[in-house]
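# Results of the structural survey
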Amino acid sequence: MLRLEKRPVPSRAWTVATPVLAVLLTMVAGGVMFQLLGKDPFVAIRTIFWDPVFGEFAWYFRGQLLVKAGPLILIAVGLSMGFRAGIWNIGAEGQYIIGAICGAAVGLAFYPLEAWFIFPLMVIAGGLGGWAWAMIPALLKTRFRTNEILVSLLLVYVAEQLLAAMALGRLRNPEGGGFPGSRNLSQYPSAANLELIPGTGMHWGVVAAFVAVIFGYILLQRHVLGYQIRLAGQAPRAARFGGVNPNRLVVFCLGLSGALAGLAGMFEVAGPAGQISIDFNSGYGFTAIIVAFLGRLDPLGILLAGLLMALTYIGGENAQSNLGLPSAAIQAFQGMLLFFLLALDLLSNFRVRLATRKVKT
Amino acid sequence: MDLSAIDPLVLLASLMVAATPILLAATGELVVEKSGVLNLGVEGMMITGAICGLAVAVETGSPALGFLGAALGGAVISLIFAVLTQVFLANQVATGLALTLFGLGFSALLGQGYIGVKPPPTGQVPIPGLSEIPVLGRVVFSHDLIVYLSLILVALVWAVLKYTRAGLILRAVGENHGAAHALGYKVVRIRVLAIMFGGALAGLGGAYLSLVRVPQWTEGMTAGAGWIALAIVVFASWKPWRIILGAYLFGGITVLQLNLQAAGVKVPVEYLSMSPYLITILVLVIMSSGRSRAALNAPAALGQTFHASS
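It should be emphasised that the depicted structure is a prediction, and the values quoted were computed from it without experimental measurement.

## Some points on the packing of helix α4 (residues 58-85) of chain A against helix α11 (residues 246-270) of chain A
Residue and element names in this part refer to chain A. In contact at an axis separation of 8 Å, α4 and α11 are set at 175 degrees when each is read in the N-to-C sense. In this view, α4 runs roughly antiparallel relative to α11, as classed from their interaxial angle. Along its contact with α4, which presents Pro 71, Leu 74, Ile 75, Val 77, Gly 78, Leu 79, Met 81 and Gly 82, the element α11 presents Cys 253, Leu 256, Ser 257, Leu 260, Ala 261, Leu 263, Ala 264, Phe 267 and Glu 268. Considering only residue class, the contact of α4 with α11 consists of 13 nonpolar, 3 polar and 1 charged.

Okay, here's the thing in structure tokens:
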């Protein structure tokens, strides 16, 4: 029989190795799934993971990689702080939507004025919007001890309805012929979040994502708040005796992740998406949860995980158009990745020993 | 706006229909949480049940087999959660989320060929005698079998938890897994069974959406019903009878806002559609702010990983 022995400290080697192993196992299991769907598994895996970066049209897809990875990384860095401290914000999708609405609303309010200060104001509005939306579960948690998991998630559905109301109502393009959806912000120079270096996909949101990674790293490794977050996650009792205020951590972690998700939404609506529309949100807030775990809740890991997950998005779209692979297959594929990751985590927390059967006395 | 178009009797009758999916899922989750496991994957299991039920019902032409298939589908997918949390000792919150994300993708994959397909109708079975009672008969006793089954299941769960040895053991495992283990109870096995029961009921609830309530398949059709079921377990402070109250309260709000939409109230549709979620949050806040009772009744080992270090 196999026996599990708890490690005093999680194994470093396994912590790094498990995401790689999980990706490989997901490729195998995904290959089986693609086979069952009647597609050649090797061609499908190559289309998803290889062709976007090294294939014929890689010059185009490499740029797309940053466009997709930007919001994922930005949201995941924020989420990882809370997840470390045992504070579960799973409503990033809602905060992302509200950030986009607030950012776009500020931009549209100035239309058609051209001025340098419009875009910075939109950035502030987007961040504040996401922050405020995340403050709802934070305050309910600290004030009434309401479960933040359920509240933050339920607020996603509220935000989606609000998005529809805005796209059909207040923010609708008055010159749009009655169609739902706002004016296109990417055609409004003062509010547009355009590519900074043509062809790279690098826009201000991607820059913000890189900055978030750096600040996240410094916060966790060098700042007392980062220390408190890690302590609260690993030893909640010790943290309380050590004078860590749990309410302050809740407000900080939820606020930070909300603000970053709001920023991601704002950069998306002003750039790649261009407008507020009913189906503006595309699930980045949920995928970012997988990214955070795949990156081991570590900012640098999240950077790599975000790029990998962006790859599955782009590769998935290619597989959809070239091989007829349904888009849902990619969603299932991403879910599977998280399953394997969680299962393999056993190896970093426990030692697997072969138990020799002892003679009963 | 014409509020007189809303017939209160029809409203009450459709309330029961609207509440049934959540009632089923919440009853299952209550048993899971009573065994000390927090499964946040209710949404994923419900949507898997929805497509499994619809697919089986369409292929066989029998809604009864469809519901059976949905329960089976929900139980099988919950097994992933059971293995990860009970054998691989993974974090329950993260695994539950993964189950929801996976379930949403997986169900969309299964449902490709079934978009827009109408399932065979599930017949209403008025209870002889009782359904002829003037008002009550039409409201309460003229539904399909699943509505009755959901109420019977609540009663059964209540009776088993309160009066039987099996129920006592389940609660013991949920309150203190270490002590239960020391007494020789198989903590992991009991929890796996509880998780599968929860999965089966969530699957049934999902199938009720796709076979009766809507009735057809659309991607993501559960629209947060699984999360509301989780909230209702908290609202019920882990007491079976209160689940009915919570589910019917929620069903009432859903039906009322749909009727208000149809009656053409001057509030935009989107704001009315928000109301069930907002009210669920409000109810959660009220329950948790009276912090003593709701918090005290939560199973003590809820969400904790069990590892027998012998």
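## What to know about a nonpolar patch on the surface
Residue and element names in this part refer to chain A. A contiguous nonpolar surface patch, about 570 Å² in accessible area, is contributed by Val 211, Ile 214, Phe 215, Tyr 217, Ile 218 and Leu 300. Looking at which element gives the most residues to the nonpolar patch, the answer is helix α8 (residues 204-222), with 5 residues. Mapping Ile 218 onto the fold places it in helix α8.

## Concerning helix α13 (residues 299-323) of chain A
All names here are of chain A. For α13, built from 25 residues, the straight-helix expectation of 36 Å at 1.5 Å per residue is met to within 8% by its first-to-last C-alpha distance of 35 Å. Among the residues of α13, the N-terminal cap falls to Asp 298, whose side-chain oxygen and the backbone nitrogen of Leu 300 are separated by 3.1 Å. Where α13 ends, the next residue or the one after it, Gly 324, has phi of about 75 degrees, a positive value.

## What to know about empty space enclosed by the protein
Throughout the structure, instances matching the rule amount to 3 cavities of 30 Å³ or more. Estimated volume of the largest cavity: approximately 90 Å³. In terms of lining, the largest cavity is formed by B:Ala231, B:Ile232, B:Phe235, B:Gly246, B:Leu249, B:Phe250, B:Ile253, B:Ile279, B:Thr280, B:Val283 and B:Leu284. For the lining of the largest cavity, the secondary structure elements donating two or more residues are α10 (225-235), α11 (240-263) and α12 (269-289) of chain B. Grouping the constituent residues of the lining of the largest cavity by class yields 9 nonpolar, 2 polar and no charged. Put simply, the second largest cavity is a space of about 40 Å³. Forming the boundary of the second largest cavity are A:Val23, A:Thr26, A:Phe49, A:Leu308, A:Thr312, A:Phe333 and A:Leu337. Elements represented by at least two residues in the lining of the second largest cavity include exactly α1 (12-36), α13 and α14 (327-349) of chain A.

## Some remarks on the interface of chain A and chain B
At the interface, 41 residues of chain A touch 45 residues of chain B. Buried area between chain A and chain B, both sides added, is near 3,700 Å², and the carbon and sulfur share of it is 82%. Inspection of the region where chain A meets chain B yields 0 salt bridges. Per-element tally for the side of chain A that touches chain B: the top contributor is helix α7 (residues 148-168) of chain A, with 14 residues. Of the residues assigned to the side of chain A that touches chain B, the class counts are 35 nonpolar, 4 polar and 2 charged.

## A short note on helix α3 (residues 63-87) of chain B
With 25 residues, α3(B) should cover 36 Å at 1.5 Å per step; its first-to-last C-alpha distance of 35 Å lies within 8% of that length. Of the residues one or two after α3(B), B:Leu89 is the one with positive phi, at around 55 degrees.

## Looking at the side chain of A:Thr18
Residue and element names in this part refer to chain A. Checked against the element boundaries, Thr 18 lands in helix α1. In this structure the side chain of Thr 18 is engaged in a polar contact, spanning 2.9 Å, whose partner is the side chain of Arg 296. Apart from residues no more than four positions distant in its own chain, Thr 18 is found in contact with Arg 296, Leu 341, Leu 344, Asp 345 and Ser 348.

## Looking at the side chain of B:Ser78
Inspection of the secondary structure puts B:Ser78 in helix α3. On the basis of relative accessibility, which here comes to 0%, the residue B:Ser78 falls in the buried class.

## Overview of the environment of B:Val283
Residues and elements named next belong to chain B. Assignment of secondary structure puts Val 283 in helix α12. Residues Val 283 and Phe 235 lie 48 residues apart in sequence; the distance between their C-alpha atoms is 6.9 Å. The contacts of Val 283, once residues within four sequence positions are left out, are Phe 235 and Leu 249.

## Description of the confidence of the model for chain B
With 93% of its residues at a pLDDT of 70 or more, chain B shows a mean pLDDT of 86. This complex was scored by the predictor with a pTM of 0.89 and an ipTM of 0.86.

Rules used in this analysis
Residues numbered from 1 in each chain as written. Chains lettered and ligands numbered in written order. Predicted model: local features only at pLDDT ≥ 70, side-chain atom pairs only at ≥ 80, totals over all residues. Heavy atoms only, no water. Axes fitted to C-alpha atoms, helices over the stretch in contact; angles between N-to-C directions. Helix = DSSP H or I, 4+ residues; strand = E, 2+ residues; numbered from the N terminus. Parallel < 35°, antiparallel > 145°, perpendicular 65-115°, else oblique. Contact = heavy atoms within 4.5 Å. Nonpolar A, V, L, I, M, F, W, Y, C, P; charged D, E, K, R; others polar. Patch = residues over 30% accessible without salt bridge, like charges linked within 9 Å, V, L, I, M, F, W, Y side chains within 5 Å. Areas by Shrake-Rupley, 256 points an atom, 1.4 Å probe, with all protein chains shown as cover. Salt bridge = Lys/Arg side-chain N within 4 Å of Asp/Glu carboxyl O. Expected span 1.5 Å × (residues − 1). Polar contact = N/O pair within 3.5 Å; in protein donor to acceptor, adjacent residues only side chain to side chain. 1 Å grid on protein atoms, 1.4 Å probe; cavity = no way out; pocket = protein on both sides within 12 Å on 5 of 7 lines; lining within 4 Å. Points joined across faces, edges and corners; volume = space filled by probe spheres on them. Buried area = accessible area lost by both parts, 1.4 Å probe. Buried < 20%, exposed > 50% of the residue type's maximum accessible area, 1.4 Å probe, protein only. pLDDT = per-residue confidence, 0-100.

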